[in-house]
Amino acid sequence: GFLLGWITNWIALKLIFRPIEPIIVPCCCKTIKIQGLFLKRQREVSVEFASFITKKILRAEHILAAMYRGPSSDRLFIKITKHLQDACDRFAGCD
């Protein structure tokens, strides 16, 4: 069980990531290009991964929630208050 699982995983990883550079193999009347499955589809995978990250993780709601309720939110509100106070003082002519 363990050995078979380990061998299966090893073969799967080799098929996914090896060979890194494409290898051209002449075969009968045509040539065959062999390359790791992930690297062959890297651009497509990158687009899907970026889409997933922006839709599920880096959402505006999550970023704002972290800013408002995160561990450094108190520092954020101190900076906002300072900048607003400075802006109000400049507007009122109280430099």
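For the structure, check the block above.
Residues numbered from 1 in each chain as written. Predicted model: local features only at pLDDT ≥ 70, side-chain atom pairs only at ≥ 80, totals over all residues. Heavy atoms only, no water.

*Asks:* So what exactly am I meant to see when it comes to the packing of aromatic side chains here?
*Replies:* Aromatic ring pairs are reported here in terms of the distance separating the ring centres and the angle at which the planes meet. On inspection of all chains with the given rule, the structure shows two aromatic pairs. Plain terms: the ring middles of Phe 17 and Phe 38 are 5.6 Å apart, the flat faces sit at 50° to each other, and that makes the pair tilted. Within this pair, whereas Phe 17 is found in helix 1 (residues 2-17), its partner Phe 38 is found in helix 2 (residues 37-40), the two being separated by 21 residues in sequence. For the pair Tyr 68 and Phe 77, a centre-to-centre distance of 6.1 Å together with 25° between the ring planes defines the contact as stacked. Owing to a relative accessible area of 43%, Tyr 68 belongs among the partly exposed residues under this scheme. Accessibility expressed as a relative area gives 38% for Phe 77, which makes it partly exposed. (Phe/Tyr/Trp six-rings, centres within 6.5 Å; stacked < 30°, edge-to-face > 60°. Helix = DSSP H or I, 4+ residues; strand = E, 2+ residues; numbered from the N terminus. Buried < 20%, exposed > 50% of the residue type's maximum accessible area, 1.4 Å probe, protein only.)

*Asks:* Looking at this structure, how should I read the side chain of Ser 73?
*Replies:* Within the secondary structure, Ser 73 sits in helix 5 (residues 73-92). Polar contacts involving the side chain of Ser 73 include one to the main-chain carbonyl oxygen of Gly 70, which spans 3.0 Å. Contacts of Ser 73, omitting those with residues within four sequence positions, involve Met 67 and Tyr 68. (Polar contact = N/O pair within 3.5 Å; in protein donor to acceptor, adjacent residues only side chain to side chain. Contact = heavy atoms within 4.5 Å.)

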